[in-house]
Structures are given as structure tokens and as C-alpha cells.
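The residues making up each chain are set out below.
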Amino acid sequence: MAQTLTNLNINDNNAVISALREGDEEVFDHIYRYYFRGLCAFCSQYVTLSESEEIVQDTMMWLWENRKTLIPELTLKTLLFTIVKNKALNKISHFEIKRKVHQEIAEKYETEFSSPDFYLENELFRLYEEALRKLPAEFRQAYEMNRSLQMTHKEIAEKLNVSPQTINYRIGQALKILRSELKDYLPLIMLFLFLQGHK
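Since this is a predicted model, take the numbers as computed values, not measurements. (Residues numbered from 1 in each chain as written. Predicted model: local features only at pLDDT ≥ 70, side-chain atom pairs only at ≥ 80, totals over all residues. Heavy atoms only, no water.)

(A) Region of interest: the overall build of the protein chain. Across its full length, the protein chain carries nine helices and zero strands. Secondary structure elements of the protein chain, listed N to C terminal, follow the sequence α-α-α-α-α-α-α-α-α. Within the protein chain, the proportion of its 199 residues that are buried is 43%. By sequence separation, contacts in the protein chain at least 24 residues apart represent 66% of the contacts at least 6 residues apart. Summed over all atoms, the accessible surface of the protein chain reaches about 11,300 Å², with 51% contributed by carbon and sulfur. (Helix = DSSP H or I, 4+ residues; strand = E, 2+ residues; numbered from the N terminus. Buried < 20%, exposed > 50% of the residue type's maximum accessible area, 1.4 Å probe, protein only. Contact = heavy atoms within 4.5 Å. Areas by Shrake-Rupley, 256 points an atom, 1.4 Å probe, with all protein chains shown as cover.)

(B) The arrangement of the packing of helix 6 (residues 137-147) against helix 8 (residues 164-182) in detail. Helix 8 packs onto helix 6 with a crossing angle of 95 degrees between their chain directions and a minimal axis gap of 8 Å. Relative to helix 8, the element helix 6 lies roughly perpendicular. Counted together, Glu138, Phe139, Ala142, Tyr143, Asn146 and Arg147 of helix 6 and Ile167, Tyr169, Arg170, Ile171, Gln173, Ala174, Leu175, Ile177 and Leu178 of helix 8 form the full contact between these two elements. (Axes fitted to C-alpha atoms, helices over the stretch in contact; angles between N-to-C directions. Parallel < 35°, antiparallel > 145°, perpendicular 65-115°, else oblique.)

(C) Structural context of the environment of Met151. Structurally, Met151 is set in the loop between helix 6 and helix 7 (153-160). Excluding anything up to four places from it in sequence, Met151 contacts Met145, Asn146, Ile156 and Lys159.

(D) Seen up close, the nonpolar core. Counting residues in hydrophobic clusters, the biggest one holds 30 residues, and the most contacted among them are Leu20, Ile31, Met60, Leu63 and Leu76. Residue contributions to this core peak at ten residues, all from helix 2 (residues 25-43). Discounting chain neighbours no more than four positions away, the residues touching Ile31 are Ile10, Val16, Leu20, Met60, Leu63 and Leu76. By size, the runner-up hydrophobic cluster in this structure holds 18 residues, among which are Ala131, Phe139, Met145 and Met151. (Core = buried A, V, L, I, M, F, W, Y, C linked by side-chain atoms within 4.5 Å.)

If you want it as C-alpha cells, here you go:
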């Protein structure tokens, strides 16, 4: 029988893995809150904060979706940090490709627009807004409350009267749909959103 959350030691790898394998949502939510900020800080050494949060969210969704394949011999902390690092390094390589595309587009429109960067930025936001409108209402609501209003998953859950795990799922699905809709432009769009938030 799995331990209750009050008795669970987050550093007891076997107990934590066992609880996850049994589908204990409360333990997963505890793990999410325990590691989220540290993983984001670690990931931000490689990519932007906005991209870091996306990577960590995606990693946590992967953990939940693949919980039954976890083995006690594999240290959860090492697994999470390794996945986040690999995703960040992949993001860097993709961003370099998009940076080159950005430069080519800017050069292409240089003779037609006084500010090609301004044109490209507005075009990217237009694509982003179109993708947002295609999200199911519940997914978009949770995503925008988290990204635009800076509300935590717990705060959103309390506001909407649902569980934090439900909010984790909705935001995770929203990110997946956005990635699918925007494909290779997402890293560049996320960069513009990050810069907008720090002007």
C-alpha cells in the first residue's frame, strides 16, 4: 500500500516512484511543486525563462503520462534534470535555425518596410493569436490565466473549482496544441513574448 502524502519523504526514491506508478495524483502534484522552480532555474541557464517553464511543464506531463514505466532504480531527480537539460539543448539548436530564418525574412522585407523586425514581430503575434483561438475554451482559459495573469496552477484550480492536476493537464494540452499549430515558429514566438514581458 502506498504511503500517504504526509508520511512520504520526497527523497525516498522507491516510495515516490511506487506512488507515481500507482497513479497517485496528490504525490505527483507534490513532486511538481517541489521540483518546478528548481528545474526552471536550471533550465534558464540554457534558454529563456518562458521557454524554461514550457520545457519543465512538458517534462512533468511526460512524467505523468509515462509513470507506469518508471523503475525504482532510476533516481527521479536525476531523470527530471537530465530530460530538462536535453530538451533545453534541443531548443537551442532549433532556435539557431529560427534565428537564421528570422534574419533571412528581415532582409527580404528590408526594402518594403521601414522596420522589418516590427513587421515580423506582428506577423508572429498574429499567428500566435490565431493558434490561441483554436484552443478548446477550457484549455485556453487555464493557459492564459497562467501565462497572462501569472497565476499558479493551485490558484487557477481554486478559482475554477477543479484539481491542480486538471489544470496541469489543460495547460499541458494547450502547449501541445500550440506547438502543433505553430510548429517551428514557436521558439521564435516564445522569445518575442518573453521580450515583451521584460520591456
